[in-house]
Amino acid sequence: MSQIYDRVALIGLGLIASSMFWAMKRGGLAGEVTGYARSEETRATAREIGLCDRVCESAAEAVEGADLVVLCVPIGAMEAVTVEIAPHLAKGATVSDVGSVKRAVIEAVKPHLPKDVHFVPAHPLAGTEHSGPKSGFAELFENRWCLLVPEGADTKAVARLRKLWEAMGANVDEMEADHHDLVLAVTSHAPHLIAYTMVGVADDLRRVTDSEIIKYSAAGFRDFTRIAASDPTMWRDVFLTNKDATLEILGRFTEELFALQRAIRTGDGDHLFDYFTHTRAIRRGIIEAGQDTDAPDFGRGAAKE
Ligand SMILES: NC(=O)C1=CN([C@@H]2O[C@H](COP(=O)(O)OP(=O)(O)OC[C@H]3O[C@@H](n4cnc5c(N)ncnc54)[C@H](O)[C@@H]3O)[C@@H](O)[C@H]2O)C=CC1
Ligand SMILES: O=C(O)C(=O)Cc1ccc(O)cc1
């Protein structure tokens, strides 16, 4: 595959940045890739494992001369990083990010960028519960969606970034920021919160010992524990910044949960049966649309069925 950018800078060297690096290297998609992470330890690990062609001592140094800069830090760090790099960005460069929430990132980043750079927010819908520089792999984005939220950005800059994500194996769609945040609240953010809660509940239930929880974990609970092992900083930031959409979905969730609770208490088998028949149809619809991988890890390189 041919080179799409001459110089890419990755700010934050965790799961997503390292997966991008390996995918770009595999495909020859970037000339030089520079990287920066806040912690000395992460920078040392990156140098050790060959993550990035050049690991820099500051974000400012990393973005110098880059034609693409991708912010791969937790959402709460996006603004500070942008303020730091803004004076050092090359004229005509594209700045993007991979944050799980889009409106908050746009509000944190856009006001600080010079007028002569293009801002094209992005969100790859691919990940695992692992984090850090060693957790990435080139196949992470294969057959996964990457949503671009261009909000009127230069069409050539958007098309070039789309090309990069497609070359890394992703299917690309464009979406408006608030809609993105609502869709993700339903499909990712609320489910993560429910998983965190379920694992917390199991832990509270002292009648079920830890060893029993581990020993008898059926697939459903096992998936909850996997999701609940996700990075606490990242997920704290997701809920703090996608507050309204998450609260709306959780409101609906608790209403439905109470209705099911009532059906169980009153012995209303018809309600339960109809509800589960409806949800089964939704699942089958997803499979027929070819959008389920049945992979144990969401995003772990499984091909579309
Ligand atoms: N983990 C996942 O499954 C997915 C995460 N995302 C988004 O991608 C972004 C990064 O997530 P991961 O790669 O999973 O995180 P990670 O925890 O693996 O890596 C984050 C990196 O950012 C660095 N960092 C933190 N604060 C910094 C700062 N102020 N300046 C410079 N570097 C800083 C950390 O040292 C670390 O190297 C987040 O915004 C997250 O919402 C998007 C899709 C999936
Ligand atoms: O590991 C999982 O189950 C995920 O859901 C991965 C994931 C986490 C955050 C995102 O914004 C996108 C994908």
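These numbers were taken from a predicted model, which means no experiment stands behind them.

**Structural notes on the domain arrangement of the protein**
- When cut into domains, the protein gives domain 1 (5-175) and domain 2 (179-267).
- Averaged C-alpha coordinates put domain 1 and domain 2 at centres separated by 29 Å.
- Residue-level contacts link 15 residues of domain 1 with 15 residues of domain 2.
- When domain 1 packs against domain 2, close to 1,200 Å² is buried across both sides, 67% of that on carbon and sulfur atoms.
- Contact with domain 2 buries area across many residues of domain 1, yet Val101, Glu129 and Met175 alone supply 43% of it, more than any other trio.
- Where Arg226 meets Glu129, a salt bridge forms, and the shortest distance between an N and an O atom there is 2.9 Å.
- Taken together, the connections running from domain 1 to domain 2 amount to 6 residue pairs in polar contact (both at pLDDT 80 or more).
- Classifying every residue of the side of domain 1 that touches domain 2 gives 7 nonpolar, 5 polar and 3 charged.

**What about the site of ligand 1?**
- Contacts to ligand 1 come from 27 residues, most closely from Leu15, Ile16, Val73, Ser100 and Gly132.
- For ligand 1, an oxygen atom lies 2.9 Å from a polar atom in the backbone of Ile16.
- Ser100 places a polar side-chain atom, nitrogen or oxygen, 2.7 Å from an oxygen atom of ligand 1.
- Contact with the protein chains removes 89% of the 830 Å² of surface that ligand 1 exposes when unbound.

**A word on the sheet that holds strand E9 (residues 171-174)**
- Spatially, the 3 strands line up as an open sheet ordered E7-E8-E9, and their pairing is mixed. Bordering the open sheet on either side are strand E7 (122-124) and E9, each of which pairs with just one other strand. Going across the sheet, the axis of each strand differs from the next one's by a mean of 20°, ignoring polarity.
- Of the strand pairs in this sheet, E7 and strand E8 (residues 145-148) are connected by 3 bridges, and their pairing is antiparallel. When the bridges of E8 are listed, His123 appears paired with Leu147.

**A closer look at the environment of Asp178**
- Relative to the elements of secondary structure, Asp178 occurs in helix H7 (residues 177-204).
- Here the alpha-carbon distance between Asp178 and Ala259, two residues 81 residues apart in the chain, equals 29 Å.

**Brief notes about the nonpolar core**
- Leu10, Met20, Met24 and Trp165 are the most contacted members of the largest nonpolar core, which has 42 residues in total.
- Counting residues per element, the ones that place at least two in this core are strand E1 (5-11), helix H1 (15-27), strand E2 (30-36), strand E4 (68-71), E8 and helix H6 (155-167).
- Ranked by the residues each element gives to this core, the list is headed by H1, at 7 residues.
- When sequence neighbours within four positions are dropped, the list of residues in contact with Met20 reads Leu10, Val70, Cys72, Val98, Phe141, Trp165 and Met168.
- One finds Val69, Val73, Met78 and Leu89 within the second-largest nonpolar core, a separate group that totals 30 residues.

**Digging into the pattern of salt bridges**
- According to the stated counting rule, one finds 17 salt bridges in the structure shown.
- Residues Asp237 and Arg236 are paired through a salt bridge, measuring 3.0 Å at the closest nitrogen-oxygen approach.
- Connected through salt bridges with shared partners, the residues Glu40, Arg43, Arg47 and Glu57 form a single ionic network.

**Some points on the sheet that holds E2**
- If you walk across this open sheet you meet the 6 strands as E3-E2-E1-E4-E5-E6, and the pairing is parallel. With one partner strand each, in any of the chains shown, strand E3 (54-55) and strand E6 (118-119) form the two edges of the open sheet.
- Two elements, E2 and E3, share 2 bridges in a ladder whose sense is parallel. Within E3, the position partnered with Gly35 by the bridge is Val55.

Reading guide: rules and limits
Residues numbered from 1 in each chain as written. Chains lettered and ligands numbered in written order. Predicted model: local features only at pLDDT ≥ 70, side-chain atom pairs only at ≥ 80, totals over all residues. Heavy atoms only, no water. Domains from an automatic or database assignment. Contact = heavy atoms within 4.5 Å. Buried area = accessible area lost by both parts, 1.4 Å probe. Salt bridge = Lys/Arg side-chain N within 4 Å of Asp/Glu carboxyl O. Polar contact = N/O pair within 3.5 Å; in protein donor to acceptor, adjacent residues only side chain to side chain. Nonpolar A, V, L, I, M, F, W, Y, C, P; charged D, E, K, R; others polar. Near = heavy atom within 4 Å. Areas by Shrake-Rupley, 256 points an atom, 1.4 Å probe, with all protein chains shown as cover. Pairing = 2+ DSSP bridges. Helix = DSSP H or I, 4+ residues; strand = E, 2+ residues; numbered from the N terminus. Axes fitted to C-alpha atoms, helices over the stretch in contact; angles between N-to-C directions. Core = buried A, V, L, I, M, F, W, Y, C linked by side-chain atoms within 4.5 Å. Buried < 20%, exposed > 50% of the residue type's maximum accessible area, 1.4 Å probe, protein only.

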